[in-house]
Amino acid sequence: MEREIISKMKRTLLVVFLINAILVSTHKGEFWPFSIFPMFSQAGNPWSRGLVIEVDDMNRKDLWETKSLSSIDDRVVALREHGIDDIDYANFISKTKNWDEERIQALRNLFQIEQQGDAKWLASRVTGHLTEQDSVVVKVIPMFLVTSDTTYKNPDLFK
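Residues numbered from 1 in each chain as written. Predicted model: local features only at pLDDT ≥ 70, side-chain atom pairs only at ≥ 80, totals over all residues. Heavy atoms only, no water.

Caption draft 1: Seen up close, the overall build of the protein chain. Scanning the protein chain from N- to C-terminus turns up three helices and four strands. Taken over 159 residues, the protein chain has a buried fraction of 30%. Partitioning the intrachain contacts of the protein chain with sequence separation of at least 6 by distance along the chain shows that 60% fall at a separation of at least 24. Here the protein chain displays about 11300 Å² of accessible surface, and carbon together with sulfur accounts for 55% of that area. (Helix = DSSP H or I, 4+ residues; strand = E, 2+ residues; numbered from the N terminus. Buried < 20%, exposed > 50% of the residue type's maximum accessible area, 1.4 Å probe, protein only. Contact = heavy atoms within 4.5 Å. Areas by Shrake-Rupley, 256 points an atom, 1.4 Å probe, with all protein chains shown as cover.)

Written out as structure tokens, the structure reads:
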């Protein structure tokens with residue numbers, strides 16, 4: 001009787017290890033229940049996030065140019081201070097592919113721009129990737145200039 005129970009336990013344990021081996025081998029060495037750091041499993045892959053830049057002069061020559069992150073540090077808008085969820089914005093700006101009028105209006109609604117006074121905000125996408133030389137390249141790509149009454153599209157992106 002005891003031998004049968006031990007034998008069953010061994011078979012069950014063998015089946016669990018076999019399932020684990022199959023799952024880990026088909027998921028590039030990562031399988032969530034047994035992964036130590038699943039949040040780092042995408043390290044080194046290109047990424048995209050959202051960022052809002054305050055604009056003082058709408059006629060700047062470099063308004064629509066792709067910039068480095070360090071060149072706009074002093075103009076980044078802290079969205080939480082304006083009652084805007086920064087995670088919602090980041091997901092919206094980085095994952096939306098089709099920017100039709102409905103999506104642009106949703107962006108304006110997310111910003112609650114009418115309540116922000118005379119704010120001029122440059123909705124931007126920040127992308128980054130790892131190079132062959134193990135350095136990180138981060139680019140800030142302006143997408144929309146949002147004012148209290150109008151939304152302007154980046155003419156280089158939306159032709």
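Now, onward.
Caption draft 2: Main features of the packing of aromatic side chains. Inspection of every chain in the model, using the stated rule, returns five aromatic pairs. Between the aromatic rings of F92 and W99, the centroid separation amounts to 5.4 Å while the plane-to-plane angle is 90°, which identifies the pairing as edge-to-face. On the basis of relative accessible area, F92 is assigned to the buried category, the value being 15%. The class of W99 is buried, set by a relative accessible area of 8%. Here the aromatic cluster, defined as three or more aromatic residues joined through ring pairs, consists of F92, W99, F144 and F158. The lysine or arginine in question, K153, covers the ring of F158, its NZ or CZ lying 5.8 Å from the ring centre. (Phe/Tyr/Trp six-rings, centres within 6.5 Å; stacked < 30°, edge-to-face > 60°. Lys NZ or Arg CZ within 6 Å of the ring centre and 35° of its normal.)

Caption draft 3: Spatial organisation of the environment of S148. By secondary structure assignment, the location of S148 is in the loop between β3 (136-146) and β4 (151-153). It is 6.8 Å that separates the C-alpha atoms of S148 and A119, two residues lying 29 residues apart in sequence.

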